[in-house]
Amino acid sequence: MKLPKKYKPAEAEQKWQRHWEERGIYKFDKFPDRPIYSIDTPPPTVSGKIHIGHVFSYVQAEVVARYWRMRGHNVYYPFGFDDNGLPSERLVEKEKGVKATEVGREKFVEMCLELTKQYEVDFIAFWKSLGLSVDWEEDYSTIDPRSQRISQRSFLDLYRKGRVYRKEAPTLWCPECHTAIAQAEIEDAEHDSVFYDVAFGLGDEDLVISTTRPELLPACVAMFAHPDDERYSAIIGKSATVPIFGHEVPIMPDEKADPEKGTGLVMCCTFGDTTDIDWWKKHKLDMRIVFDEGGRMNELAPGYEGLSLGDARKRIVADLEAAGLLRGQRPITHVVNVHERCGTGIEFSVAAQWFVRVLDIKEEILGAGAKVQWCPEFMAVRFQNWVENLAWDWCISRQRYYGVPFPLWVCGGCGEVVLAEDSQLPVDPTVTWPPVDACPKCGSAELVPERDVMDTWMTSSCTPFINLRWGEDDSRVDRFKKEGVDGGPEYLMDLRPQAHDIIRTWAFYTVVKGMLNEGKIPWRTAMISGHTLHPDRAKISKSKGATGAAPSDIVAERSADVVRYWASSTRLGTDTILAEEPLDAGHRLVVKLWNASKFAIMRLEDYDGGAERELSTIDRWLLAELGRAVARATRSFDVCDYHGALEAGERFFWHDLCDNYIEIAKKRLYGDEGYDEAGRRGAQYALYQALLASLKLFAPIMPHITEEIHSLFFAEREDVESIHVSAWPKPRDEWDDPEALEAGRIALAVIEGMRKIKSVNKVSVATPVGVLAVACDAETWRKIEPLSTELCDVSKAQSVKHVDVAGEGFVDTDIAGLQVAAELIEE
């Protein structure tokens, strides 16, 4: 048969995407008797448009899904959308030009549901255009009834186990988002600031402190000096007057005061940082919270009420200067904590919040993390470092509207918590009556619904439970779970793919949930991807404004397979940029696959796998190289190293098959005079196996071009409906031929030497050669002498001869002690 002259990716990719969906090629349980390989697919946050960073990480995980499907597994590859919580709220506020507090809870939730669903339709269309082999019937969103039900069930289980508590305490607070946040949602950012030297009063004396936060002067509750700092030993125990605001605060000793920093005196405010919190707790200080939930000054800052923290700083600095109390200022650059969602500086506020206890089980969490296979291995250290440096329990409550409600009511009389029953889930306590008429503790009928919603990670950390229908289908949980190693805890799923920046959130929280809710490790393997960066090396993300060409435009211009090749061209866990070079390389591979396949299929039209054949040394060399390429690709894919697998496939296809074998075996494949039929059949066999295996090696990464070629020639012969449900290549025992492998590699070194000579002499590779001389020892010559005919064919030489010692005109090869010379014939 003859393939069309050109491959048209735009037509072919859409054709195969429709075909795969219509035929259910990627459906879970298409092959129910096969072992399950389950993937805890990351649900992308619905907080903006898809950017190229999504393509980078999702393709890498999807490539691994395709590999395990070809390895004979019943692959469970679902897709979800993380469409509840603060990220989605901020998207709605931005696009609709509203604030949640302005439109009210019910209306705002409706707006969130409507807009996120619109985005999800676009998301699905794009992922399909990229060829993702997802079973779209196994989808979910983190706000749908099943996800809410399972998230609430997880909370109730943790509460009953004593792992959840409610406490009014200093909490990390984002004044822009008007909500408490967790430690994992903090990022460090370098900001320009100013150190202000401010004078407090002590009778007729001035006590100067240095601070970057003069707006917190009204929140000052104490001053501290190091107990060994002799400069201040005489004033310990006295009281100082806070400038402008006039209230007095005690001067106290504490080892955390640094004599080398500023003046050695430091003010303690409620709260500027975690040290302030430690001092407040240790010394039982007063509390003065001087700003509201929106970050505006309150009545404890008289004269500055209603000002934002930033504006209050400017006004207070001006007033200090006017009063002669500002003794100096100097610019500095320092690292501050900001909210990862909006980049706003973090404050500390006090409100009743819900927490999950994690600080008391850090060792158990570390032990669970150690049982996960981290790919690449060094990512385990990031998990370990995060857990070891945890300083807060997990704050799970958010003062927002759009999220999974807490399934409980609180007694207005005694504070007793009334939990929802499982039959009520999912429940919104603001619109649903509690399961009892009165408080079981005090009898009060005042049962107040909890109006906070859960942190979005509280639900996202349940994705293994959502996928397994936890608490709703025990047989499904039992079917999916994997046995532990050496009697260790069981695993719920096989693979968690995700990016490295959310190890501290999604990976950590999911490990915690697996341990506390089920006593199991959530997945056997964690596949950790890097990021796609701007040219200035900044991470591309939706929350920070994705820029550059839309991924859909890049796919339309370059094709899905080429973009997938780019995503697979970087090692797992490393960051990259979107560059032309790997896209061009992907395009060249598509073209080469098509053209090489056109040639091969024309030579294989009468191929009969059962016919008598004779394999030459070079045929056996090719099959030996193929066996090694398959083995390397398999080892690589087994540890999620798609890049290593791609390298193995490319080296074999380009170097061994196309650049050398086809050139060497071309005359035999044509049936030229001097070659018998058994020899031609041997070459056909080697070519058939090599091309089919090459297509399979590339199939996970470039699914469309490989399906197109496979369908035109191999599908009927192999009796499979798609290359993507065919068997992964497996080397045959007889292909392991070390002697042929060595002989072939020596022959290739001779050929490369001949090509080097022609290149140096600036003549075509088709230039005829009189004598091709090979200088080597007798043993090496013995190995390649049987290949003399093939060497003459590919070198266009009249003869090949052996010499013991290289003379003038010989060039070195990649093999030590092997040199080549060629007598070029001028035409």
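Residues numbered from 1 in each chain as written. Predicted model: local features only at pLDDT ≥ 70, side-chain atom pairs only at ≥ 80, totals over all residues. Heavy atoms only, no water.

Some remarks on the overall build of the protein
- Counting its secondary structure elements, the protein contains 24 helices and 29 strands.
- Overall, the protein is about 110 × 65 × 50 Å in size when its C-alpha atoms are taken along their principal axes.
- A burial count over the protein gives 58% of its 827 residues as buried.
- Within the protein, contacts between residues at least 6 apart in sequence are counted, and of these 79% link residues at least 24 apart.
- Carbon and sulfur atoms make up 47% of the accessible area of the protein, which amounts to about 34,500 Å² in all.
- For the protein, the centre of its 99 positive side-chain charges and the centre of its 134 negative side-chain charges are spaced 3 Å apart. (Helix = DSSP H or I, 4+ residues; strand = E, 2+ residues; numbered from the N terminus. Buried < 20%, exposed > 50% of the residue type's maximum accessible area, 1.4 Å probe, protein only. Contact = heavy atoms within 4.5 Å. Areas by Shrake-Rupley, 256 points an atom, 1.4 Å probe, with all protein chains shown as cover. Lys, Arg positive; Asp, Glu negative; His and termini not counted. Charge placed at Lys NZ, Arg CZ, Asp CG, Glu CD.)

Topic: the sheet that holds strand β23 (residues 521-529)
- Here 3 strands make up an open sheet; going across it, the order is β15-β23-β22 and the pairing parallel. With one partner strand each, in any of the chains shown, β15 (373-375) and β22 (491-499) form the two edges of the open sheet. Neighbouring strand axes in the sheet, compared pairwise and without regard to direction, differ in orientation by 15° on average.
- Across 7 bridges, the pairing between β22 and β23 is parallel. Residue pairing for β23: Leu495 is matched across the bridge by Thr525.
- Sheet contacts for helix α2 (residues 52-70): β22 and β23; angle to β23, the most-contacted strand, approximately 125°.
- Seen against the sheet, helix α14 (residues 503-518) touches β15, β22 and β23 and runs at an angle of roughly 175° to β22. (Pairing = 2+ DSSP bridges. Axes fitted to C-alpha atoms, helices over the stretch in contact; angles between N-to-C directions.)

Remarks on the packing of helix α17 (residues 580-603) against helix α19 (residues 642-670)
- Taken N-terminus to C-terminus, the directions of α17 and α19 make an angle of 25°; their axes are 12 Å apart at the nearest point. Classified by the angle between their axes, α17 and α19 sit roughly parallel to one another. As α17 runs across α19, the sense of the crossing is left-handed. Residues Arg588, Leu589, Lys592, Leu593, Ala596, Phe599 and Arg603 of α17 touch α19, and the partners they reach there are Glu650, Phe653, Trp654, Cys658, Ile662, Lys666, Leu669 and Tyr670.
- By residue class, the composition of the contact of α17 with α19 is 10 nonpolar, no polar and 5 charged. (Parallel < 35°, antiparallel > 145°, perpendicular 65-115°, else oblique. Left-handed = near helix turned anticlockwise from the far one by under 90°. Nonpolar A, V, L, I, M, F, W, Y, C, P; charged D, E, K, R; others polar.)

Describing helix α10 (residues 379-388)
- The set of residues buried in α10 consists of Met379, Phe383, Trp386 and Val387. Projected onto a plane normal to the axis of α10, the buried residues spread over an arc of 95° and lie on a single side.
- Summarising the contacts, the buried residues of α10 are in contact with α9 (362-370), β15, α14 and β23. (Arc of directions from axis to C-beta.)

Notes on the sheet that holds strand β6 (residues 179-180)
- Reading across the sheet, the 4 strands line up as β6-β5-β14-β16 and stay open at both edges, with antiparallel pairing between neighbours. For this open sheet the edge positions go to β6 and β16 (394-395), each flanked by a neighbour on one side alone.

Let's talk about the pattern of salt bridges
- The tally for this structure, following the rule as stated, stands at 53 salt bridges.
- Its salt-bridge partner being Lys117, residue Glu120 comes within 3.3 Å of it at the nearest N-O pair. Pair noted here: Glu120 and Lys117 are both in helix α5 (residues 105-129), with a separation of 3 residues, about one helical turn.
- The exposure class of Glu120 is buried, given its relative accessible area of 7%.
- Using a relative accessible area of 36% as the deciding quantity, one classes Lys117 as partly exposed.
- Glu472 is the partner of Arg149 in a salt bridge, and the nearest nitrogen-oxygen pair spans 2.5 Å. Linking Arg149 in helix α6 (residues 145-160) with Glu472 in the loop between α12 (463-468) and α13 (474-480), this pair joins segments that are 323 residues apart in sequence.
- Glu472 sits in the partly exposed class, given a relative accessible area of 33%.
- Where salt bridges share partners, they join Asp478, Lys481, Glu490, Glu518 and Lys520 into one cluster. (Salt bridge = Lys/Arg side-chain N within 4 Å of Asp/Glu carboxyl O.)

Description of the pairing of strand β8 (residues 205-211)
- The pairing of strand β7 (residues 186-202) with β8 spans 7 bridges and is antiparallel. Paired with Phe200 across the two strands is Leu207, which belongs to β8.
- Hairpin connection of β7 to β8: 2 residues between the antiparallel strands, including Gly203 at a positive phi of 65°.

Quick word on the packing of aromatic side chains
- In this structure the tally under the stated criterion is 41 aromatic pairs.
- Between Phe245 and Tyr304, the aromatic rings sit 5.6 Å apart at their centres with planes inclined by 55°, giving tilted as the arrangement. Taken together, the positions of Phe245 in the loop between β10 (239-241) and β11 (248-253) and Tyr304 in the loop between α7 (274-283) and α8 (309-322) put the pair 59 residues apart, joining distant regions of the chain.
- Judged by relative accessible area, which is 15%, Phe245 ranks as buried.
- Positioned over the ring face of Trp20 is Arg66, at 5.2 Å from the centre of the ring.
- For Lys666, the ring lying beneath its charged end belongs to Phe599, and the centroid distance is 5.8 Å. (Phe/Tyr/Trp six-rings, centres within 6.5 Å; stacked < 30°, edge-to-face > 60°. Lys NZ or Arg CZ within 6 Å of the ring centre and 35° of its normal.)

So, the side chain of Gln689
- Along the chain, Gln689 falls in helix α20 (residues 677-698).
- Contacts of Gln689, omitting those with residues within four sequence positions, involve Tyr607, Leu623, Leu626, Arg732 and Trp735.

As for unusual backbone geometry
- Of note, the amide linkage connecting Thr270 to Phe271 takes the cis form, showing an omega dihedral of -5°.
- Position of Phe271 relative to the elements: it lies in the loop between β12 (266-269) and α7.
- The omega angle of the peptide bond from Cys375 to Pro376 is -5°, so this bond is cis rather than trans.
- Tracing the backbone shows Pro376 in the loop between β15 and α10.
- The phi dihedral of Cys640 is positive, around 65°, even though this residue is not glycine.

Remarks on the environment of Asp619
- Considering the arrangement of structural elements, one finds Asp619 in helix α18 (residues 617-638).
- Along the primary structure Asp619 and Ile664 are separated by 45 residues, whereas in three dimensions their C-alpha atoms are 9.8 Å apart.
- Among all residues touching Asp619, those that are not within four sequence positions of it are Glu614, Tyr661, Arg668, Gly682, Ala683 and Ala686.
- A polar contact is formed between the side chain of Asp619 and the side chain of Tyr661, at a distance of 2.5 Å. (Polar contact = N/O pair within 3.5 Å; in protein donor to acceptor, adjacent residues only side chain to side chain.)

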